[in-house]
There are 2 protein chains.
Amino acid sequence: MNIPEINLKRIVIIGGGFGGLRLAKKLSTKDYQIVLLDKHNYHAFQPLLYQVATAGLEPDSIAHAIRQIFAGKENFYFRIANVDRVDTNSQKIYSDIGDLDYDYLVIATGSDTNYYGNQNIERNAMPMKSIPEALDLRSLILQNLEKALLTNDLDERSRLMNYVIVGGGPTGVELAGAMGELKKHILPHDYPDLDIRRMNVHLIQGADRLLPTMSQNASEKSFKYLEDLGVQVWFDMMVKDYDGKIITTDKRPFEATTLIWAAGVKGSLIPGIEGEGLIVGGRYVVNEFNQMKGFDNLFAIGDVALMITEENPKGDPMVAQVSIQQGKLLAENFNKLKLKKALKPFRYKDKGSMATIGRDKAVVDLPGWKFQGWFAWFVWMFVHLVSLVGFRNKVVALMNWVIQYFQYNKSVRLIIRPYKGKNGQTGDDPNVFS
Amino acid sequence: MNIPEINLKRIVIIGGGFGGLRLAKKLSTKDYQIVLLDKHNYHAFQPLLYQVATAGLEPDSIAHAIRQIFAGKENFYFRIANVDRVDTNSQKIYSDIGDLDYDYLVIATGSDTNYYGNQNIERNAMPMKSIPEALDLRSLILQNLEKALLTNDLDERSRLMNYVIVGGGPTGVELAGAMGELKKHILPHDYPDLDIRRMNVHLIQGADRLLPTMSQNASEKSFKYLEDLGVQVWFDMMVKDYDGKIITTDKRPFEATTLIWAAGVKGSLIPGIEGEGLIVGGRYVVNEFNQMKGFDNLFAIGDVALMITEENPKGDPMVAQVSIQQGKLLAENFNKLKLKKALKPFRYKDKGSMATIGRDKAVVDLPGWKFQGWFAWFVWMFVHLVSLVGFRNKVVALMNWVIQYFQYNKSVRLIIRPYKGKNGQTGDDPNVFS
């Protein structure tokens, strides 16, 4: 990897998401050499992926080049790498760009879509955990309407115009809201020769309420907002199977060409990191200092880490705030380690949670204050703008939101790269004429 | 294609570029049914493709959804289609989404990269005539720097850091300028462990000056601006061959992994449209009414059309203004046709031309006024902003340019989809960990 050997201990961080990025920013490069690896050259602001998928934003609003973030930082090295495995005995990482020794290794690989072992669903459903996946979804949503125009088979047309989202957590709810807005305000103008009233957006939730980690008020209001936008919400329903046409559940079937799977995530594990009781529920078990069980130079933070304590036996939720706070604390603890001071244990400080369903429609649960409606929507927008990395990203996202607000529009309805299926086998040849 | 048969003559337009779009907008749908076909669902503002390729803009600034442009227009149908061939006897179009009868057919397919029959160059060089191509180029430019970091082979590193652009017209000059800015202001901060002074941007021009269709002043100033940005310009040099590593010219060889081909375009012809003397230099010969030679219901406008008259024996240049003016006039002539009035012959009104080389550096030739420098840059920016389709595109592009101006930055340095070669055979698997 062409990383120089110097007279400092080397910390290798795998993953430039919320946790890895915060850790790398906070770490002192006077005390350590830092190597950050990611399979992309950018940090992606995952909570807004659904806006990329629903034609609201382009990737540049939610992605920020990692090199730009760390410009000028000494003893810091970034590499685009896909890590194949780790050898904890020789303290070595093996990747597609070569191997690398580490003194300390931090796994911050986040999470990926969890299909719970159902291969049919994995083969046929659309995930939305990365920017390329969100762009594929945007293409597919639009492609299916274009296809619906072309068919005279009423069943096929109906399937093409049915969009089923599985999972009533924040991702599913926000995605369903944005789809509802497309259906209500935009698509009828775009497709005058298609009866958009026949388009259906279904949201299937396994629990008996939406946003189950939020307050009862938030659940009820988000349900009402979705109904206002024409989204059909199904509670207490479990999806069993999907063959690309028919979604089988424990209650009724749905016919749909598009199934968006937002029903679960699992830690992104790396082969070679093994130990008794180390992996539980697809995540690395860590102690209060984010050290992996059985290792003192191996750490995991964020979604891929599971910190179980007596007072918190289920662990913290897999959300950005936990990753950020763990990344920040681990940086402090590395400094303490250098000074041979006692490490500080992690305690999650819940700053609250929020979700937006559409224009003027959001739900916010702060500690001690829960509210919904246009002010919640405003708070949601403000918090997300502030959280975006980089001045330019904030400005571009804000401009898009302001214009969308006044125009009732989502303008990025562009099929830049047609979605050709998970194996690239279907879809149009984009090169027949220019 | 599910287009209803109604009691109006049907005009089919193939291509939603500058010409086809203007024509479709101006045509009266009281007199004709209009069908617009394009292989993409958006209109692309091609003069700014180079900014997508050089990390200045995202596609949504220069692309506009065609359906959005025509929302509310009656008797108008848009379809995404790749046209395979035309049968002029039965007046039928055959495409990947079915066939369609036409009463009048307008070919507005524009132009594509012309490699002049050199298959090695076609296989190994990067074109930049569409948004996907510009995104591929952006990925490749960044990927090659990442690769340069990894190699200890000095020859390979040098090849990876050599960027050769062929063609000294507006596309080549603007691209070289943007690459020069990346090299001068941005990449040294992004790649501290790479000696960016060793990066070379070469611009190879066959003629003895840059921008040969513009004034001598514009040629000289653009050359000076490029030199100031560290671009090496080579005049009177013809590229002969390229194997992916070595560029052979009639003078000296260049070793480079990236060759960007901006040296020529050719009309995008459609199989089945044939006739004696109809195709000259890869374009359809048309009369002053843009009617194709030998046909009275077949038209061609823009880059794909070649209008030769006694006073203009070489035809008009292949630029956006010609396409726009021909599209506009053809719409008027269709109305005259309906009223059985005499058609109006086309005369190109040259509104001038301009090119930007970088921050505060542009050249403008207006009829009767030629100027260069920061005011030219300002005029360039104003004209391009006004020309972009849609209010949102203008705002987003302007915001990007203003921020770039003050930050000396180009922030879209994102490898969203790694470029994997023209056959997709190389490159990284983006899915090893998330």
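Not measured: the values here are computed from a predicted model. (Residues numbered from 1 in each chain as written. Chains lettered and ligands numbered in written order. Predicted model: local features only at pLDDT ≥ 70, side-chain atom pairs only at ≥ 80, totals over all residues. Heavy atoms only, no water.)

## Concerning the pattern of salt bridges
Where side chains of opposite charge bring their charged atoms close, a pairing between them can arise.
At step 1: The full count for this structure, using the stated rule, is 30 salt bridges over all chains.
At step 2: Across the salt bridge formed by B:Asp193 and A:Arg79, the nearest N and O atoms sit 3.1 Å from each other. Placement of the pair is B:Asp193 in the loop between helix 8 (170-190) and strand 12 (200-204) and A:Arg79 in strand 5 (residues 76-80), with the two residues belonging to separate chains.
At step 3: A relative accessible area of 31% means that B:Asp193 is categorised as partly exposed.
At step 4: Under the relative-accessibility criterion, A:Arg79 is labelled buried at 1%.
At step 5: A salt bridge links B:Lys92 to B:Asp101; the nearest nitrogen and oxygen atoms lie 2.9 Å apart.
At step 6: For B:Lys92, a relative accessible area of 21% translates into the label partly exposed.
At step 7: Taken together, the salt bridges that share partners define one network made up of A:Asp195, A:Arg197 and A:Arg198. (Salt bridge = Lys/Arg side-chain N within 4 Å of Asp/Glu carboxyl O. Helix = DSSP H or I, 4+ residues; strand = E, 2+ residues; numbered from the N terminus. Buried < 20%, exposed > 50% of the residue type's maximum accessible area, 1.4 Å probe, protein only.)

## Topic: the environment of A:Ser222
Residue and element names in this part refer to chain A.
At step 1: As for its placement among the helices and strands, Ser-222 is situated in helix 9 (residues 216-228).
At step 2: Between the alpha carbons of Ser-222 and Asn-114 there is a distance of 24 Å; along the sequence they are 108 residues apart.
At step 3: For Ser-222, the contacting residues outside a window of four places in its chain are Val-173, Leu-210, Leu-211, Ile-357 and Val-363.
At step 4: Polar side-chain contacts of Ser-222 include one of 3.0 Å to the backbone oxygen of Ser-219. (Contact = heavy atoms within 4.5 Å. Polar contact = N/O pair within 3.5 Å; in protein donor to acceptor, adjacent residues only side chain to side chain.)

## A few points about the sheet that holds strand 17 (residues 258-261) of chain B
Residues and elements named next belong to chain B.
At step 1: Ordered in space as 13-12-11-17, the 4 strands form an open sheet in which the pairing is parallel. Either end of the sheet is taken by a strand with one partner, and the two such strands are strand 13 (231-234) and strand 17. Taken pair by pair, the neighbouring strands of this sheet meet at an average axis angle of 20°, ignoring direction. (Pairing = 2+ DSSP bridges. Axes fitted to C-alpha atoms, helices over the stretch in contact; angles between N-to-C directions.)

## Description of the interface of chain A and chain B
At step 1: Opposite the 69 residues of chain A that make contact, chain B presents 70 residues.
At step 2: Between chain A and chain B, the buried area comes to about 6,200 Å², and carbon and sulfur atoms account for 54% of it.
At step 3: Along the contact surface separating chain A from chain B lie 6 salt bridges.
At step 4: On the surface where chain A and chain B come into contact, there are 28 residue pairs in polar contact (both at pLDDT 80 or more).
At step 5: A per-class count over the side of chain A that touches chain B returns 31 nonpolar, 19 polar and 19 charged. (Buried area = accessible area lost by both parts, 1.4 Å probe. Nonpolar A, V, L, I, M, F, W, Y, C, P; charged D, E, K, R; others polar.)

## Considering the relation of the copies chain A and chain B
At step 1: Mapping chain A onto chain B calls for a rotation angle of 180° and an axial translation of 0.0 Å; the resulting RMSD is 0.0 Å. Expressed as an axis order, the relation between the two copies is that of a two-fold axis.
At step 2: Both copies contact each other with a shared surface, as 100% of the interface residues of chain A are interface residues in chain B too. (Least-squares fit on C-alpha atoms with pLDDT ≥ 70 in both.)

Taken by themselves, the reported measurements are silent on function.
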